[in-house]
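Okay, here's what each chain looks like letter by letter:
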There are 2 protein chains.
Amino acid sequence: MLSLLLTFSCQQPVKKEQPQEPTFGIVIHGGAGTILRANMTPETESAYRKVLAEAIKVGHAILKNGGSSQEAVEKTIHVMEDSPLFNAGKGAVLTADETIELDASFMHGAQLDAGAISGVRTIKHPISAAIKVMENSPHVMLSGAGADAFAASQGLDIVEPEYFYTERRINALKRVKEAESKEKETSSLEAEFIKHQRYGTVGCVALDLKGNLAAGTSTGGMTNKKWNRIGDAPIIGAGTYANNATCAISATGWGEFFIRSVVAHDISALMEYKGLSIQEAAHTVIHDKVGGMGGDGGVVGIDWKGNVAMEMNTPGMYRAHMDAVGNLNVKIYKDE
Amino acid sequence: MLSLLLTFSCQQPVKKEQPQEPTFGIVIHGGAGTILRANMTPETESAYRKVLAEAIKVGHAILKNGGSSQEAVEKTIHVMEDSPLFNAGKGAVLTADETIELDASFMHGAQLDAGAISGVRTIKHPISAAIKVMENSPHVMLSGAGADAFAASQGLDIVEPEYFYTERRINALKRVKEAESKEKETSSLEAEFIKHQRYGTVGCVALDLKGNLAAGTSTGGMTNKKWNRIGDAPIIGAGTYANNATCAISATGWGEFFIRSVVAHDISALMEYKGLSIQEAAHTVIHDKVGGMGGDGGVVGIDWKGNVAMEMNTPGMYRAHMDAVGNLNVKIYKDE
């Protein structure tokens, strides 16, 4: 009995080597929040599902052909940054000053290399700027006009501010400002709308056939944000984290809570130090930690074995997963 | 035998409640780096020791009188921000554009509240701006001109840019720029000087009699920094972290590595999830993780029981510790 117990208690931890059969996979999100069937027309719903499928297939094809998780994440996010549906790139929300301030970050799991930019105004694909910071600057994080200048020096696509102004976001800013000015009179429906304007980040995590994990996140931040606010999306450890020993995570939600909870790194730490699965770790952090503090949002993640997590404590999160076999799962509501 | 083993394996984890006897303590740093006896005159050395002692006594008196760890951290950092010796506030280094861009962050361990500012140019005490962001804005992190405007709206001390220009930092920028322009011809002594210009952040962590932990960090960043670079100091989880269940941490060093390693949160996670002591956790992160990647620097930390860590993988770190009894320990070199 004694030897049995000792054998049991001395068993080796799960081997953190390559899985025997190399595999790959990709997961994306297009923001979490108050996404309810009641507020969605069939047309809108199918428009979201279409872009999510289109985006993830781009990354999946790269991975299937032996391409890197870095390229898969970058190119997949480009599709979402180019769509006016998501709060990133083209569809970014407006600040209180009616400007655009884009944040993005990228992390590679092999050497823990990372790059991030915050508050840029002229870059068509912020995720690519984050990657260039990682690859071609001695820094991890650049901000404001400096980050715009660096991106321009790297030959990235630069656009005029007008590129980002969409009618939907101009109207959203107006509604939020009006609600703020009369505050207490806001109807609960309007309050839900306002709350929803906090969300909409896009993100992608991928595992490639070489066992490399990568994570990227891109956002316009919060509608009506002030004082050059920085959310969790460009913060390595909060909105984005990747480590080949554990997982790749991209977060979306009420950024302030995600920074304070160091969400992406905490999921990795729970896996590395406590042996939790990616699903258990993501569940703990989103529900017990972020939720316990009163915050909301979600994450997508993939671990070094290809297991995935799509966890949220909001009514919905635009998301999709595609595995090595090619099974595609596109979801919007929590309960589907 | 079986019941003995079961009893043993089922024992409760260390109780994370208040220690039986309330205690308090405070630890500070004034930057880690190539701090060598050979390069230090007795006068310089004693000037550093004097300000470190002066600063920590301010916080210690607050804690001794039942004041909060938040106030102790803020007021202690003010002393270092007011000194031209440290790379924070008054003594901040210059950017490549010969401007000042100050970063700071603060975190409170009770509710995991946090505030941070990056790239501000007019605030005399950046740590107070970080605290105001936490207390009086809906955000955690503000940057650039927006953060300056917010600080001004809070009635904080605003100074003219000239306030920050010290001869020492103007000369340092010249030397770094000259060395950069001829690169390979740089002597090894000069290379050491250049390398040292990466460092000099100040920070403070404290435990008060109510069991609340707090951590703060303030810096001018890297000499000759470009593109509105953001280092680890204003990043919650990287340069600063506090959690009453574990510890309060403030980091200093080569910021890029500290961001990628999510240093401050990783130390807390190793304590929370693996049961490491604060010293073991700080040692692991600074030596194995940051050091393993080729980065250098150090951290100071204090846990919920008053245990402290002052860990570095550089030849020196300006630092001091003062315990509840009033024992004061001021150190500069690693080997003292």
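Everything discussed here concerns the structure shown above.
Figured I'd write up the structure that's included with this text. Since the structure is predicted, the reported quantities are computational estimates derived from the model, not experimental observations.

### Topic: the pattern of salt bridges
- This model, assessed by the stated rule, comprises 18 salt bridges over all chains.
- Between lysine 289 of chain A and glutamate 272 of chain B there is a salt bridge, with the nearest N and O atoms lying 3.7 Å from each other. With one member in each of two chains, lysine 289 of chain A in helix α10 (residues 278-293) and glutamate 272 of chain B in helix α9 (residues 263-274) form a pair that bridges those chains.
- By relative accessible area, which is 30% here, glutamate 272 of chain B ends up partly exposed.
- Put simply, aspartate 266 of chain B and lysine 289 of chain B hold a salt bridge, and the shortest N to O gap is 3.0 Å. Taken together, the residues span a long stretch of sequence, with aspartate 266 of chain B in helix α9 and lysine 289 of chain B in helix α10 (residues 278-290) at a distance of 23 residues.
- On the basis of relative accessible area, lysine 289 of chain B is assigned to the partly exposed category, the value being 24%.
- The structure contains a network of salt bridges with shared partners spanning Glu45, Arg49 and Glu336 of chain A.

### Points about the interface of chain B and chain A
- Tallying the contact residues gives 45 residues for chain B and 45 residues for chain A.
- For the pair chain B and chain A, the summed buried area comes to about 3700 Å², and 67% of that belongs to carbon and sulfur atoms.
- Summed over the three residues of chain B that lose the most area to chain A, namely Trp227, Arg260 and Tyr273 of chain B, the buried surface amounts to 23% of that side.
- Linking chain B to chain A there are four salt bridges.
- The tally of links between chain B and chain A comes to 19 residue pairs in polar contact (both at pLDDT 80 or more).
- Broken down by secondary-structure element, the contributors of at least two residues to the side of chain B that touches chain A are α1 (2-9), β3 (113-120), β4 (141-143), α5 (144-153), β7 (229-230), α8 (255-260) and α9 of chain B.
- Considering every element that reaches the side of chain B that touches chain A, the biggest residue donor is α9 of chain B, with seven residues.
- Residues belonging to the side of chain B that touches chain A are distributed by class as follows: 25 nonpolar, 11 polar and nine charged.

Analysis parameters
- Residues numbered from 1 in each chain as written.
- Chains lettered and ligands numbered in written order.
- Predicted model: local features only at pLDDT ≥ 70, side-chain atom pairs only at ≥ 80, totals over all residues.
- Heavy atoms only, no water.
- Salt bridge = Lys/Arg side-chain N within 4 Å of Asp/Glu carboxyl O.
- Helix = DSSP H or I, 4+ residues; strand = E, 2+ residues; numbered from the N terminus.
- Buried < 20%, exposed > 50% of the residue type's maximum accessible area, 1.4 Å probe, protein only.
- Contact = heavy atoms within 4.5 Å.
- Buried area = accessible area lost by both parts, 1.4 Å probe.
- Polar contact = N/O pair within 3.5 Å; in protein donor to acceptor, adjacent residues only side chain to side chain.
- Nonpolar A, V, L, I, M, F, W, Y, C, P; charged D, E, K, R; others polar.

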